[in-house]
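Observations on chain architecture
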Amino acid sequence: MSEAVLRCENVSRFFGGIHALKGISAEVRQGEIFGLVGPNGSGKTTLVNCVTGFYPPQKGRILFEGRQISGQRPHRIASNGIARTFQNVALFKGMTVLENILMGRHIFMNPNPLAALFYPVWAAKEEVAHRRKVEQIIDLLQLESVRDEHVEVIPLGLQKRVELARALCAEPRMLILDEPMAGMNQEEKEYMVRFILDAQEELGLSVLIIEHHLDVVTSICDRVLVLNDGNKIAEGPAREAMSDPEVVKAYIGG
Ligand code: ADP
């Protein structure tokens, strides 16, 4: 069995009187695709926001590669190797596909604008490295034909792929995808599944994915965590966990 790369220990989060996560413990293992599922309002996005630092947990802790990350700011967590995409497409309108993907490199860029002035050779080498990575990802996700298009004019399926490309450009070791197939037609869904699998294999990533399409969950996830009303109701191999009577009941609202 692979070792745990991400560990949530007894994680709780409140919003006023709402107890959105009630002491969740779970682990994502090295190199697996881990599904985070459950009915609407069950706490999936809140757990992802806890992991990525947007809403830190108020109780419990989260460790990535053995080091505590809960309490760190989102930018620091991203620099430590966790990249995410969002439920609603969050691209920079007015910019091209290429420019949007390049934004994924910002975590490596020197915040001091004078650095490039004083160290021009170093800056030029950095620029080449950024370009090389971007080209690798454009190639992997087959975005070559739209690289110079403005993002707002391309179809939703491609916009979601650009978001995935931007996340991959940050060279994460863990990728978190929040409903990457939302709003897509069947063909776009199939493409997205293939690109996620290609990226995971080629780049050796661990993937945590929030997904509503249960056919996708059972076909690509190694293991899943099922939440309901802020509680963990199942964790384990995808098919087994999804056929657990408590999970079936939560989905049909019985
Ligand atoms: P899911 O992703 O499973 O649909 P969420 O994590 O978005 O569920 O929400 C879990 C619960 O926490 C819901 O009751 C939701 O209304 C509440 N919640 C989430 N974010 C906030 C917030 N920023 N402010 C207040 N309540 C929130």
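Residues numbered from 1 in each chain as written. Predicted model: local features only at pLDDT ≥ 70, side-chain atom pairs only at ≥ 80, totals over all residues.

**Some remarks on the confidence of the model for the chain**
The condition that has to hold: Each residue carries a pLDDT value, the predictor's own confidence for that position, ranging from 0 to 100. In this description a helix means any DSSP run of H or I spanning at least four residues, a strand means any run of E spanning at least two, and both kinds are numbered starting from the N terminus.
For the chain, per-residue confidence averages 90 on the pLDDT scale, and 91% of positions sit at 70 or higher. Of all secondary-structure elements in the chain, the lowest mean pLDDT belongs to helix α4 (residues 114-118), at 59, while strand β4 (residues 59-64) reaches the highest, 98. Here the predicted complex carries an ipTM of 0.98, next to a pTM of 0.90.

**A closer look at the pairing of strand β8 (residues 206-210)**
Heads up, the rule is: Partly exposed residues are those whose C-beta has more than 12 but fewer than 20 other C-beta atoms within 10 Å; with 20 or more the residue is buried, with 12 or fewer it is exposed, and the C-beta atoms are placed from the backbone. We treat two strands as partners when DSSP finds at least two bridges between them. Note on handedness: a clockwise path from strand one over the helix to strand two, with the strands aimed away from the viewer, defines a right-handed crossover.
Taking burial as the measure, the 5 residues of β8 include 5 buried ones, the bulk of the element. Of the two faces of β8, the one holding Ser206, Leu208 and Ile210 and the one holding Val207 and Ile209 are both buried throughout. Note that strand β3 (residues 33-37) and β8 share 4 bridges and pair parallel. Note on β8: the bridge partner recorded for Gly35 is Ile209. Strand direction decides the pairing type here: strand β7 (residues 174-178) and β8, joined by 5 bridges, are parallel. If you follow Leu175 over to β8, its bridge partner there is Val207. The parallel pair β7 and β8 is bridged by helix α7 (residues 186-203), and the resulting crossover is right-handed.

**Focus: the pairing of β3**
Of all 5 residues that make up β3, 5 are buried, and the element is covered over most of its length. In β3, alternate side chains face the same way, and those of Ile33, Gly35 and Val37 on one face and Phe34 and Leu36 on the other are all buried. In terms of strand pairing, β3 meets strand β9 (residues 223-228) through 4 bridges, oriented parallel. Each bridged residue has a counterpart across the sheet, and for Phe34 the counterpart in β9 is Arg223.

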